[in-house]
Amino acid sequence: MAGYHTDSPSPSEGTEKPDYHAQQRALSPVEATHVGGTQFEDGSRLHRGLKARHITMIAIGGAIGTGLIIGTGQALARAGPGSIFISYTVVGFVVYLVMCALGEMAAWLPLPSGFTGYASRFCDPALGFALGYTYWFKYIIVTPNQLTAGSLVIQYWVDRDTVNPGVFIAIFWVAIVCINYFGIRFFGEFEFWLSSIKVVVIVGLIILSLVLALGGGPDHDRKGFRYWSDPGAFAEYIDEGATGRFLGFWSTMVTATFAYLGIELVGVTAGEAQNPRKTIPRAIKLTFYRIVFFYCLSVLLLGMLVPYNSEELAFATKASSSASASPFVVAIKLAGIKALPGIVNACILLFVFSASNSDLYIASRTLYGLASEGNAPAIFRRTDNRGVPLYALGLSAAFALLAFMNVSDDSKTVFGYFVNLVTIFGLLTWISILVTHIYWVRDRRAQNVPDTALAYRAPLGVAGSYGALFMCILIAITKNYSVFVHSDSYGDFDYKNFVTGYLGIPLYLILIFGYKLWTRSKGVKPHEADLWTGKDLIDREEEEFLAAKHAREAEKGGKRGGNWFYRTFVSWLF
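Remember, it's a predicted structure, so these values are computed and weren't measured experimentally. (Residues numbered from 1 in each chain as written. Predicted model: local features only at pLDDT ≥ 70, side-chain atom pairs only at ≥ 80, totals over all residues. Heavy atoms only, no water.)

(A) Structural detail: the overall build of the protein chain. For the protein chain, the count of helices and strands is 23 helices and two strands. Here the contacts in the protein chain between residues at least 6 apart in sequence split such that 82% fall between residues at least 24 apart. (Helix = DSSP H or I, 4+ residues; strand = E, 2+ residues; numbered from the N terminus. Contact = heavy atoms within 4.5 Å.)

Below, the structure is given as structure tokens:
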């Protein structure tokens, strides 16, 4: 494939490693208009319109969603407070390792095609092909699901018999298409403020939870860790005794994985970020602190406020995606506060709308990246004068119309099975990123690229990627373990959940080996891996951006530019 050669000489024969500085000097002017996932021609280039604050907030916004504010309720009821605290902490650390691996590659070469481009250039074009399509499948499934969730949230105020949910689905769909259509600057600013509100909401809920745990609520009951001893820290699930407690704990590993899905979207923004070698690593470095604060602390506090056998919590796990399903609301009700559920429901609606907006963005950019790599029709890499890939956006938006399947009650069950695919597609994405990073380390060592040349280096290096890869594969294999565990309450083998839960794995393998058979492609050899194409262009963009920034600061007398409100009131959170 023409997109995977290097412009600089890199010997594939012999044992001598090419010199890093010689590689830099050997970079020749790029003659092609499309090579290695990097666009150099007008009409197919993304615009770098995302500022540092946009990247930061999009990264944290991708990590805060309904999986945290709603999904933790079902996990708590099923497994207990100890289980969810351990699982969210363990999976959170795995996610951090995934982000570090991605950040190391993105800081070296911020490709418009994102991590699909890295997989193609550093590991195997077949892996890039499979990763790109499974990631796109995930987001064309999850976008209509988010639109449906938004219509369900509104039923808290407006009954479906009064106004058909399809009306709200149509309004949300038009809104997110327009936001994505108006360009990356508008999208970035819109998501910045939506994500800022999400952060304020979750911080408010965490502070409220801490106050309630310390006895500051209307009931003045200082709960502490009372519910960790009675009814207990670990609940039994499917089976009894230690086996049941372990099965309950392991079920929350899957719940935690679903809650964290989407946090890797910062890798998709690399092609549209200003000064990506600084903004992308900064956003990823802070992921660790966000995970500890927003996830680990919140589930710890929830376990202090709500016993896993609470009748209110049992009702919440059967409710739809509304305030009644949130364990935070259960905690508020148990404390005797009556005014907040409606406010929390409005916040959940905001969460869902922001998620659907960013999901459509990721779907369109993923399809654009596939086209940039030559793995999708070239029409999908065409952009308008704002740098928006209109055709990729149009096709992705068309799939979002699947949300209208949910207007009819009897189709919700069928659509629920499609949603089961999202988690496995997300896990396959993380697995692919980790495998790509392992190969990337191999490649740069073979080409004698020193650690000092990297703008960002993963703290635990390749060892961290191996450890995270093991955990991701283990969770992917055991994701739907309940279909194999028979008991009186579960009855016969649940083949429907088995098929939808694991369908992503054979599909992923078919894409990899089918691509290899069709194109006769082979894996990338370490000395032939293209670490360089497009790097000179990005280096020049970085120099021009920094020069313009310094010029603006000089005009202002050395004062820092940027958003005063963000620096003063929001940035301290990160």
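(B) Representation of unusual backbone geometry within the structure. Cis rather than trans, the peptide bond between Asp 230 and Pro 231 has omega equal to 15°. Residue placement: Pro 231 occurs in helix H10 (residues 226-232). Look at Ile 238: it is not a glycine, yet its phi comes out positive at around 70°. Of note in this structure, Arg 520 is not a glycine but carries a positive phi near 60°. By the secondary structure assignment, Arg 520 is in the loop between helix H21 (504-519) and helix H22 (535-555).

(C) Looking closely at the pattern of salt bridges. The tally for this structure, following the rule as stated, stands at nine salt bridges. Between Lys 516 and Asp 124 there is a salt bridge, with its nearest N and O atoms 2.6 Å apart. Of this pair, Lys 516 sits in helix H21 while Asp 124 sits in the loop between helix H6 (114-123) and helix H7 (125-154), and the two are 392 residues apart along the sequence. (Salt bridge = Lys/Arg side-chain N within 4 Å of Asp/Glu carboxyl O.)

(D) Structural view of the packing of helix H11 (residues 241-260) against helix H19 (residues 461-477). Where H11 contacts H19, the axes come no closer than 10 Å and their chain directions differ by 110°. Judged by the inter-axis angle, H11 sits roughly perpendicular to H19. Every residue of H19 that contacts H11 at Trp 250, Met 253 and Thr 257 is listed here: Met 471, Leu 474 and Ile 475. In terms of residue class, the contact of H11 with H19 is made up of five nonpolar, one polar and no charged. (Axes fitted to C-alpha atoms, helices over the stretch in contact; angles between N-to-C directions. Parallel < 35°, antiparallel > 145°, perpendicular 65-115°, else oblique. Nonpolar A, V, L, I, M, F, W, Y, C, P; charged D, E, K, R; others polar.)

(E) Molecular detail of the packing of helix H12 (residues 276-285) against helix H13 (residues 287-305). Their axes nearest at 4 Å, the elements H12 and H13 cross at an angle of 30°. Considering the angle they form, H12 stands roughly parallel to H13. Side by side, H12 and H13 meet where Ala 283, Ile 284 and Lys 285 of the first sit next to Thr 287, Phe 288, Tyr 289 and Arg 290 of the second. In terms of residue class, the contact of H12 with H13 is made up of four nonpolar, one polar and two charged.

(F) Layout of helix H17 (residues 390-400). Within H17, the full set of buried residues consists of Ala 392, Leu 393, Ser 396, Ala 397 and Ala 400. What you see down the axis of H17 is that its buried residues fit within an arc of 125°, all on one side. In this structure, the buried residues of H17 make contact with H7, helix H8 (165-181) and helix H16 (340-372). (Buried < 20%, exposed > 50% of the residue type's maximum accessible area, 1.4 Å probe, protein only. Arc of directions from axis to C-beta.)

(G) How the structure looks around a positive patch on the surface. On the surface, Lys 51, Arg 185, Arg 552 and Lys 556 cluster together into a patch of positive charge. Mapped onto the secondary structure, Arg 185 falls in helix H9 (residues 184-213). By relative accessible area, Arg 185 is classed as exposed at 52%. (Patch = residues over 30% accessible without salt bridge, like charges linked within 9 Å, V, L, I, M, F, W, Y side chains within 5 Å. Areas by Shrake-Rupley, 256 points an atom, 1.4 Å probe, with all protein chains shown as cover. Lys, Arg positive; Asp, Glu negative; His and termini not counted. Charge placed at Lys NZ, Arg CZ, Asp CG, Glu CD.)

(H) The packing of aromatic side chains, seen in detail. Under the criterion given, the structure shown has 28 aromatic pairs. Here the aromatic rings of Phe 137 and Phe 425 are separated by 6.2 Å at their centres, their planes lie at 50°, and the arrangement is tilted. Residue Phe 137 is found in helix H7, and its partner Phe 425 is found in helix H18 (residues 412-446); the two are separated by 288 residues along the sequence. On the basis of relative accessible area, Phe 137 is assigned to the partly exposed category, the value being 22%. Here Phe 425 falls in the buried class, since its relative accessible area comes to 2%. Through successive ring pairs, a cluster of aromatic residues spans Phe 129, Tyr 133, Trp 136, Phe 137, Phe 399, Phe 425 and Tyr 515. (Phe/Tyr/Trp six-rings, centres within 6.5 Å; stacked < 30°, edge-to-face > 60°.)

(I) Representation of the environment of Ala 463 within the structure. In this fold, Ala 463 is placed in helix H19. When the C-alpha positions of Ala 463 and Leu 97 are compared, they lie 9.8 Å apart, and in sequence the two are 366 residues distant.

(J) Structural context of the side chain of Thr 148. Residue placement: Thr 148 occurs in helix H7. Residue classification places Thr 148 among the buried positions, given a relative accessible area of 6%. Of note is the side chain of Thr 148, whose polar atom sits 2.9 Å from the backbone oxygen of Pro 144. (Polar contact = N/O pair within 3.5 Å; in protein donor to acceptor, adjacent residues only side chain to side chain.)

(K) Examining the side chain of Arg 444 more closely. By secondary structure assignment, the location of Arg 444 is in helix H18. Here Arg 444 falls in the buried class, since its relative accessible area comes to 2%. Not counting chain neighbours up to four residues away, the residues in contact with Arg 444 comprise Glu 104, Val 449, Asp 451, Leu 454, Arg 457 and Leu 531.

(L) Fine view of H6. Buried residues dominate H6, accounting for 10 of its 10 residues. Of all the positions in H6, only Gly 114, Phe 115, Thr 116, Gly 117, Tyr 118, Ala 119, Ser 120, Arg 121, Phe 122 and Cys 123 are classed as buried.

(M) Here's a closer look at the confidence of the model for the protein chain. Taken over all residues, the pLDDT of the protein chain has a mean of 79, while the share at 70 or more is 80%. The least confident element of the protein chain is strand E1 (residues 34-35), whose mean pLDDT is 44; the most confident is H19, at 95. Here residues 1-18 is a poorly scored stretch, pLDDT under 50, and it has 45 contacts once near neighbours within four places are set aside; other chains count. Within the model, the stretch residues 20-40 combines pLDDT values under 50 with 69 contacts to residues more than four positions away or in other chains. (pLDDT = per-residue confidence, 0-100.)

(N) Quick peek at the environment of Ala 346. Its place among the elements puts Ala 346 in helix H16. Along the chain, Ala 346 and Tyr 156 lie 190 residues apart, while their C-alpha atoms are 9.5 Å from each other.

(O) Focus on a nonpolar patch on the surface. Among the surface-exposed residues, Tyr 181, Phe 182, Phe 186, Ile 379, Leu 390 and Tyr 391 lie close enough to one another that they form a single nonpolar patch of about 540 Å² accessible area. In this structure, Ile 379 sits in the loop between H16 and H17.

(P) The environment of Val 142, seen in detail. Within the element layout of this structure, Val 142 appears in helix H7. When the C-alpha positions of Val 142 and Leu 360 are compared, they lie 9.1 Å apart, and in sequence the two are 218 residues distant. Setting aside residues up to four positions removed in sequence, Val 142 forms contacts with Asp 359 and Val 422.

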